[in-house]
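# Architecture and fold: a report
So you can see what is in the structure, the chains are spelled out below.
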Amino acid sequence: MWNDVVDLAAFYASPPGQVARRMIRRRVRAMWPDVGSQRVLGLGYATPLLRPFLDEAERVLAVMPARQGMHPWPRGEPNRVTLADEAQLPLPDRSVDRLLLVHALECTEQLRPMMRELWRVLDDAGRLLIVTPNRRGIWARLERTPFGHGRPYTVGQLNRVLAETLFSPTRTERALFLPPTRSRMLLRAAPAWEKVGLRWFPQFCGVLLMEARKDAYAPTVAGEKARARSFALSPQAMAMPMRRGSCLRRNDVE
């Protein structure tokens with residue numbers, strides 16, 4: 001079941017959400033230190049982690065699933081977000097170099113169709129990065145954060161999902177060792193928690209980050225090319241207003 005976009009925005013605007021965003025951003029940036037001249041796509045609720053790429057990548061776009069809802073992003077700039085079914089992305093084949101999946105794998109009810117669609121839009125030399133709750137971590141056990149909803153994963157389970165959907169894991173990282181708390185003292189100590197957790201308790205992280213490349217060959221589905229879903233988004237389409245109630249005000253998000 002998908003988190004609601006209003007709840008996601010409220011969490012990332014809260015003190016625990018701001019700390020979680022910073023800690024996960026650091027690991028994402030360490031895994032992708034250079035995205036210059038590349039096309040970056042976020043699927044799910046990836047916008048809190050995409051901002052560092054705005055001034056570096058050739059293009060940064062975000063797709064928010066229809067059942068989650070969407071809001072414009074980034075604030076004060078032309079909109080880079082569109083609403084779509086996660087299994088029918090409005091993008092051409094091999095049109096994305098880096099694909100960031102956040103609050104998506106654990107929520108979707110269309111796991112295989114979504115992963116097949118990610119395989120289609122990702123360039124042959126591209127990279128997929130999945131950010132998902134760790135089944136063994138504290139964050140996955142508490143429903144007051146978005147990481148406590150949906151199906152959390154272990155490293156082994158992520159490896160199996162990728163292998164079964166024509167991806168090959170290349171690197172695994174961990175983040176968010178701080179317990180989900182509103183204590184200002186503990187939140188200020190988040191960097192220290194990360195250092196201790198990475199060194200001594202990696203299996204109890206709150207979030208797993210697994211990078212993968214697409215396998216070079218995959219069976220084609222009969223009639224797949226006939227499906228009218230692979231088209232490029234124009235700037236006009238990206239800026240098209242959504243139905244009332246499907247998005248937040250621009251000032252509600254970063």
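Scroll up to find the structure.
Residues numbered from 1 in each chain as written. Predicted model: local features only at pLDDT ≥ 70, side-chain atom pairs only at ≥ 80, totals over all residues. Heavy atoms only, no water.

## Considerations on the overall build of the protein
Here is the rule we go by: To qualify as a helix, a DSSP run of H or I must reach at least 4 residues; to qualify as a strand, a run of E must reach at least 2; elements of each kind are numbered from the N terminus. For every residue, the accessible area (1.4 Å probe, protein chains only) is compared with the maximum for its type, and the residue is labelled buried under 20%, exposed over 50%, or partly exposed between those bounds. Pairs of residues are marked as contacts when any of their non-hydrogen atoms sit within 4.5 Å. Surface accessibility in these figures is a Shrake-Rupley result with a 1.4 Å probe; residues are shielded only by whichever protein chains are displayed.
Secondary structure assignment for the protein yields 8 helices and 7 strands. Here the protein, with 254 residues, has 52% of them falling under the buried criterion. Here the analysis covers contacts within the protein between residues at least 6 apart in sequence; of these, 72% occur between residues at least 24 apart. About 12,400 Å² of surface is accessible on the protein, with carbon and sulfur atoms providing 51% of the total.

## A few points about the environment of Arg26
With respect to the helices and strands, the residue Arg26 is situated in helix H2 (residues 15-31). Each C-alpha atom, one on Arg26 and one on Leu49, is 9.2 Å from the other, the two residues being 23 residues apart in sequence.

## Side note on unusual backbone geometry
Here Trp73 and Pro74 are connected by a cis peptide whose omega angle stands at -5 degrees. One can find Pro74 in the loop between strand S2 (59-65) and strand S3 (81-84). Phi at Leu176 takes a positive value of approximately 70 degrees, unusual for a residue other than glycine. Here Leu176 is to be found in the loop between strand S6 (167-175) and helix H6 (184-188). With relative accessibility at 1%, the residue Leu176 sits in the buried group.

## Section: the pattern of salt bridges
The condition is simple: The salt bridge definition used is simple: a Lys or Arg side-chain nitrogen within 4 Å of an Asp or Glu carboxyl oxygen.
Within this structure, the stated rule accounts for 9 salt bridges. Between Arg39 and Asp97 there is a salt bridge, with the nearest N and O atoms lying 3.0 Å from each other. In this pair, Arg39 is assigned in strand S1 (residues 39-44) and Asp97 in strand S4 (residues 96-102), connecting sequence segments 58 residues apart. Where Glu109 meets Arg67, a salt bridge forms, and the shortest distance between an N and an O atom there is 2.9 Å. Here Arg67 lies in the loop between S2 and S3 and Glu109 lies in the loop between S4 and helix H4 (111-121), a separation of 42 residues in the sequence. The pair formed by Glu109 and Arg67 is uniform in burial state, with each residue classed as exposed. In this structure, a network of salt bridges that share partners links the residues Arg27, Arg171 and Glu173.

## Digging into the packing of helix H1 (residues 5-13) against H2
Formally: Each axis is a line fitted through C-alpha atoms, taken for helices only over the stretch in contact, and angles between the N-to-C directions span 0 to 180 degrees. Roughly parallel means an angle under 35 degrees; roughly antiparallel, over 145; roughly perpendicular, 65 to 115; everything else is oblique. In this classification, Asp, Glu, Lys and Arg are treated as charged, Ala, Val, Leu, Ile, Met, Phe, Trp, Tyr, Cys and Pro as nonpolar, and every other residue, Gly included, as polar.
At a minimum axis separation of 4 Å, H1 and H2 run at an interaxial angle of 85 degrees. As summarised for this structure, H1 and H2 are arranged roughly perpendicular, according to the angle between their axes. Where H1 approaches H2, its residues Phe11, Tyr12 and Ala13 are matched on the opposing element by Pro15, Pro16, Gly17, Gln18, Ala20 and Arg21. Here the residues of the contact of H1 with H2 are counted per class, giving 6 nonpolar, 2 polar and 1 charged.

## Remarks on a nonpolar patch on the surface
Under the convention used in this document: Two distance rules govern patches: like charges are joined within 9 Å, and nonpolar side chains (Val, Leu, Ile, Met, Phe, Trp, Tyr) within 5 Å, applied only to residues with over 30% relative accessible area and no salt bridge.
Taken together, the side chains of Val196, Trp200, Phe201 and Phe204 present a nonpolar region at the surface, about 450 Å² in accessible area. Classification of Phe201 by relative accessible area gives partly exposed; the value is 44%.

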